[in-house]
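# Coordinates in review
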Amino acid sequence: MNNSVSNTARLIGAGLRALLVLTVICGVIYPLAVTGIAQALFNDKANGSEIKDKSGAVVGSSLIGQTYNLPKQNPDDPEEAAKPDLKWFQPRPSNGLGSNSVNTQYALILSGATNRSADNGAVNGRCGKDAEEGTLCAQVVAAKEAVIADNTAAGYQVKPEDVPADAVTSSGSGLDPNISPAYAKIQVHRVAEKNGLDVTQVEKLVADHTTGRTLGFMGEPRVNVLELNTALRSLTKS
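Counting starts from 1 at the beginning of each chain's written sequence and moves along it residue by residue. Residue-level local features of this predicted model are given only where pLDDT is at least 70; pairs of side-chain atoms are given and counted only at 80 or more, and the full residue set underlies all totals for whole chains, interfaces and linings. Side-chain descriptors were evaluated using all non-hydrogen atoms of the structure, hydrogens and water having been removed beforehand.

Right, let's get into the sheet that holds strand β5 (residues 222–224). Adjacent strands of a sheet pair through backbone hydrogen bonds, lying either parallel or antiparallel. Read from one edge of the open sheet, 3 strands run β3-β5-β4, paired in antiparallel fashion. Strand pairing shows two members of the sheet lacking a second neighbour, β3 (178–179) and β4 (210–211), which therefore form its edges. By the bridge criterion, 2 bridges tie β3 to β5 in an arrangement that is antiparallel. Paired with Ile179 across the strands is Val223, a residue of β5. Paired strands are those between which DSSP finds at least two bridges. Numbering of helices and strands runs from the N terminus, with a helix taken as a DSSP run of H or I at least four residues long and a strand as a DSSP run of E at least two residues long.

You will see that Asn124, though not glycine, has its phi angle at about 55°, which is positive. Relative to the elements of secondary structure, Asn124 occurs in the loop between β2 (58–61) and α3 (136–151). A positive phi is found at Leu215, a non-glycine position, where the angle reads about 60°. Here the term buried applies to any residue with accessible area under 20% of the maximum for its type, exposed to any over 50%, and partly exposed to those in between, with areas from a 1.4 Å probe on protein chains only. With a relative accessible area of 70%, Leu215 lands in the exposed category.

In what follows, a disulfide is any cysteine sulfur pair within 2.5 Å. In the structure shown here, the tally under the stated rule is 1 disulfide. Paired through a disulfide, Cys127 and Cys137 show a sulfur-sulfur distance of 1.8 Å. Measuring handedness by torsion sign, the sulfur bridge of Cys127 and Cys137 sits at about -40° and is left-handed. Remark: Cys137 occurs in helix α3 and Cys127 occurs in the loop between β2 and α3; sequence separation between them is 10 residues.

Working convention: axes come from line fits to C-alpha atoms, limited for helices to the stretch in contact. Angles between N-to-C directions cover 0 to 180 degrees. Where helix α5 (residues 199–208) meets helix α6 (residues 225–237), the axes come as close as 10 Å, and the angle between the chain directions of the two elements is 145°. The interaxial crossing formed by α5 with α6 has right-handed handedness. Residue-level contacts link Gln201, Leu205 and Val206 of α5 to Leu228, Ala231, Leu232 and Leu235 of α6. For any pair of crossing helices, the crossing counts as left-handed if the nearer helix is rotated counterclockwise from the farther one by less than a right angle, and right-handed if it is rotated clockwise. The contact criterion used is simple: two residues touch if any of their non-hydrogen atoms lie within 4.5 Å.

Each reported salt bridge corresponds to a side-chain nitrogen of Lys or Arg within 4 Å of a carboxyl oxygen of Asp or Glu. Summed over all chains, the structure comprises 4 salt bridges. With its nearest N and O atoms 3.8 Å apart, the salt bridge here joins Glu145 to Lys129. Linking Glu145 in helix α3 with Lys129 in the loop between β2 and α3, this pair joins segments that are 16 residues apart in sequence. Take Glu145: its relative accessible area is 39%, and that puts it in the partly exposed class. Here Lys129 falls in the exposed class, since its relative accessible area comes to 73%. For Lys204, the salt bridge identified is with Asp208, shortest N-O distance 2.9 Å. Of the two residues, Lys204 and Asp208 are both situated in helix α5; the distance of 4 residues between them amounts to about one turn of the helix.

Time to look at α6. The α-helix advances 3.6 residues per turn, and as a result positions three or four apart in sequence lie on the same side. For α6, with 13 residues, the first-to-last C-alpha span of 18 Å sits near the 18 Å given by 1.5 Å per residue. Within the span of α6, buried status applies to Val225, Leu226, Leu228, Asn229, Thr230, Ala231, Leu232 and Ser234. The elements touched by buried residues of α6 are β1 (50–52), β2, β3, α4 (181–195), α5 and β5. Contacts described as polar in this section are N or O atom pairs within 3.5 Å, which, within protein, must combine one atom able to donate a hydrogen with one able to accept it, while residues neighboring in sequence count only if both atoms come from side chains. Capping the start of α6, Asn224 holds a side-chain oxygen 3.2 Å from the backbone nitrogen of Leu226, two or three residues further along. What a helix should span is 1.5 Å times the count of its residues minus one.

We now examine the side chain of Asn151. In this fold, Asn151 is placed in helix α3. Here the side chain of Asn151 touches Val147 through a polar contact of 2.8 Å, landing on its backbone oxygen. A distance of 3.0 Å separates a polar atom in the side chain of Asn151 from a polar atom in the side chain of Arg190. Apart from residues no more than four positions distant in its own chain, Asn151 is found in contact with Tyr156, Val158, Ile186, Gln187 and Arg190.

As C-alpha cells, this is what we get:
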C-alpha cells in the first residue's frame, strides 16, 4: 500500500514538474523568442504593416483596404448609400468594409464576397443594361457607369473599354488594399481636378507608388490606395 501511494505521489510530482517546465518553455521562452526575432528581423510586418503619414501618425495598415466616402447625411440611416469622396483615389468595390447587420452599433470589418457566378444575370451570355436588377451583372454594369461618370473630368473622357475589372468587382475578401495601375490611371484627371493639382503631379504620384510583380514574375503590378492617398494628402498640404 505504501509503495502504491509513493509511486502515485512520484508520478504526480513528475507530471507537475513536466507541466511547469513545458509551461515556461512553451508559454514564456518560446513566445518571447519568436516575438524578439520578429521584432528584430521583421519589425514592420510584426507590427501590422502600419502606414504612417509625414507626422509619424499611423493611418492604417498596408494589408487592409479603406473606404473614402463622404459623411452620410443621416448617420443613423443604415439604408443610405455611401457616396465616394472624389478628391481621393477610390479602392475596389469593397462590401467587406464598413457597417454591417451583425452589430449595427459598431462598424465591424467583415471579410467576404459574393458567391454568385460570373454570369449571374447575364442575358445571352453577356452582361448588359437589360440584366435583372439585383444580379451580379446588374451591379457590375451600374458600377461601370458610375466609374465612367465619376472619373470623366474637363478635357478627359473615360471610355467603357478603359475601365478595368478591379474597378467594378470586389476581391475575394472584399478588403483588398490595392488597385491596378489601370484603375489608378483613369482616376488621375479627376483627382487632379478636385484637388487643384497638375495632372503630371498626380501621374508621378501614381508612378512612384506602383509596385511591380513580386520577384519579377508573381502577381500583378499594383498600387496601394492608402499609401497613395497618404502621399496625396501630403502633396495637397505642401
